[in-house]
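Notes for the structure review
Single-letter residue listing:
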Amino acid sequence: RNHPYFSPLCDVPPLRQKPMDDLIPDFLTETVEGLHQLDSDLLALAQNPADAEMLSAVFRHLHTIKGNCGFVNFPRLQKISHHTESIVGCFRDD
């Protein structure tokens, strides 16, 4: 066979073009839930900016969203999440 994903050593069918398509509904559900919690945590952090635990929670939400974007191959969202996570990380690590 003359397919870029076919290995002559085994008779394995080629990979699908978008192997994560079936995970998108779960990604969207989890991300929306994470964004709602992030929203609540940001409001709480605005009320008490010195709350290091809440700042860490905000960082974790962003980190999870970033990782999930990478897992389902959404590079633009991953990049936005990464930059936002980096900004929050600067405050957290200061």
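Use the structure listed above.
Residues numbered from 1 in each chain as written. Predicted model: local features only at pLDDT ≥ 70, side-chain atom pairs only at ≥ 80, totals over all residues. Heavy atoms only, no water.

All right, on to the pattern of salt bridges then. One pass over the structure, following the stated rule, counts 2 salt bridges. Between Glu85 and Lys66 there is a salt bridge; the shortest N-O distance is 2.8 Å. Highlighted residues: Glu85 in helix α3 (residues 75-93) and Lys66 in helix α2 (residues 52-71), separated in sequence by 19 residues. We classify Lys66 as buried; its relative accessible area is 16%. (Salt bridge = Lys/Arg side-chain N within 4 Å of Asp/Glu carboxyl O. Helix = DSSP H or I, 4+ residues; strand = E, 2+ residues; numbered from the N terminus. Buried < 20%, exposed > 50% of the residue type's maximum accessible area, 1.4 Å probe, protein only.)

With that settled, the discussion passes to the layout of surface pockets. Of the pockets and cavities examined, the largest pocket occupies roughly 230 Å³. Along the walls of the largest pocket sit 14 residues, with Leu35, Leu38, Leu62, Ile65 and Ser81 positioned nearest its centre. For the lining of the largest pocket, the secondary structure elements donating two or more residues are α1 (24-47), α2 and α3. For the lining of the largest pocket, the residue count by class is 11 nonpolar, 3 polar and no charged. (1 Å grid on protein atoms, 1.4 Å probe; cavity = no way out; pocket = protein on both sides within 12 Å on 5 of 7 lines; lining within 4 Å. Points joined across faces, edges and corners; volume = space filled by probe spheres on them. Nonpolar A, V, L, I, M, F, W, Y, C, P; charged D, E, K, R; others polar.)

Within this structure, the stated rule accounts for 1 aromatic pair. The ring of Phe59 is capped by Arg92, whose NZ or CZ atom sits 3.8 Å from the centre of that ring. (Phe/Tyr/Trp six-rings, centres within 6.5 Å; stacked < 30°, edge-to-face > 60°. Lys NZ or Arg CZ within 6 Å of the ring centre and 35° of its normal.)

Function cannot be inferred from these measures alone, as they are strictly geometric.
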